[in-house]
Structure formats: structure tokens, C-alpha cells
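# Notes for the structure review
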Amino acid sequence: MIFEQNIVSPGTVNRVRDYRYKRTEYAAREILEYWIVDRQMQQITIYQWV
């Protein structure tokens, strides 16, 4: 897979999971780019593996 989009779930535990642990998971699955959509913070963070 080349691209993944993740919408941050409400709550501190979910936020940590979405920002920290999923990054490792996506790297292991060789996902080259993923976006974290954070509605609470009103931002999109884009990670790209090069």
C-alpha cells in the first residue's frame, strides 16, 4: 500500500496511539505516506517515508 489516512480518535489514549504507535505499524507495512487528520486540533499532519 502506498497511502493511508488516519482520523484521530477522541481521548488521550487514542491520540497517543494514532500519533505514536500507528507510525511504527505503518512503517512495518511499508506504507510510504500517511496523513493524520486531527479534527480537534484542526490540522493535517503528513508523514512520508523516503
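We now turn to the structure provided with this report. Position numbers for residues count from 1 along each chain, tracking the sequence in the order it is written. Owing to the predicted nature of the model, reporting of local features is limited to residues with pLDDT of at least 70; listing and counting of side-chain atom pairs is limited to 80 or more, with chain, interface and lining totals taken over all residues. The side-chain values count all of the structure's non-hydrogen atoms but skip hydrogen atoms and water molecules.

Bringing the packing of aromatic side chains into the picture now. When two rings of Phe, Tyr or Trp (its six-membered ring) have centres within 6.5 Å they constitute a pair, described as stacked for plane angles under 30 degrees, edge-to-face for angles over 60, and tilted for the intermediate range. Across all of its chains, the model carries three aromatic pairs by this definition. Taking the centre distance of 4.7 Å and the plane angle of 70° together, the rings of Y26 and Y34 count as edge-to-face. Between buried and exposed lies partly exposed: a residue is buried under 20% and exposed over 50% of the maximum accessible area for its type, with that area taken using a 1.4 Å probe on protein chains only. When its relative accessible area of 4% is taken as the criterion, Y26 is described as buried. Ring geometry for Y34 and Y47: centres 4.9 Å apart, planes at 20°, overall stacked. Of the two residues, Y34 sits in strand β2 (residues 33–38) while Y47 sits in strand β3 (residues 43–48), which places them 13 residues apart along the sequence. Each helix corresponds to a stretch of at least 4 residues labelled H or I by DSSP, and each strand to a stretch of at least 2 residues labelled E; elements are numbered beginning at the N terminus.

One can find I46 in strand β3. When the C-alpha atoms of I46 and R17 are compared, they prove to be 16 Å apart, with 29 residues separating the residues in sequence.

Here we take up the pattern of salt bridges. Criterion for a salt bridge: a side-chain nitrogen of Lys or Arg within 4 Å of a carboxyl oxygen of Asp or Glu. Applying the stated criterion across every chain yields a total of four salt bridges. D18 is the salt-bridge partner of K22, the closest N and O atoms lying 3.3 Å from each other. Pair noted here: K22 and D18 are both in helix α1 (residues 12–28), with a separation of four residues, about one helical turn. With relative accessibility at 18%, the residue K22 sits in the buried group. Three or more residues are tied together by salt bridges with common partners; here these are R17, D18 and K22.

With that out of the way, let us pick up the sheet that holds β3. Spatially, the three strands line up as an open sheet ordered β1-β2-β3, and their pairing is mixed. Because the sheet does not close on itself, it has two edges, and the strands there are β1 (3–7) and β3. Adjacent strand axes in the sheet meet at a mean angle of 15° when their direction is disregarded. As paired strands, β1 and β2 are joined by five bridges and run parallel to one another. Pairing of F3 across the sheet is with E33, part of β2. Whether two residues touch is decided by their heavy atoms; if any such pair falls within 4.5 Å, the residues are in contact. Where helices are involved, their axes are fitted lines through C-alpha atoms of the stretch in contact, as for all axes, and angles between N-to-C directions lie from 0 to 180°. Packing against the sheet, α1 makes contact with β1, β2 and β3, and its axis sits at approximately 175° to β2. For two strands to be treated as a pair, DSSP must find no fewer than two bridges joining them.

Such coordinate-based values are descriptive only and should not be taken to indicate function.
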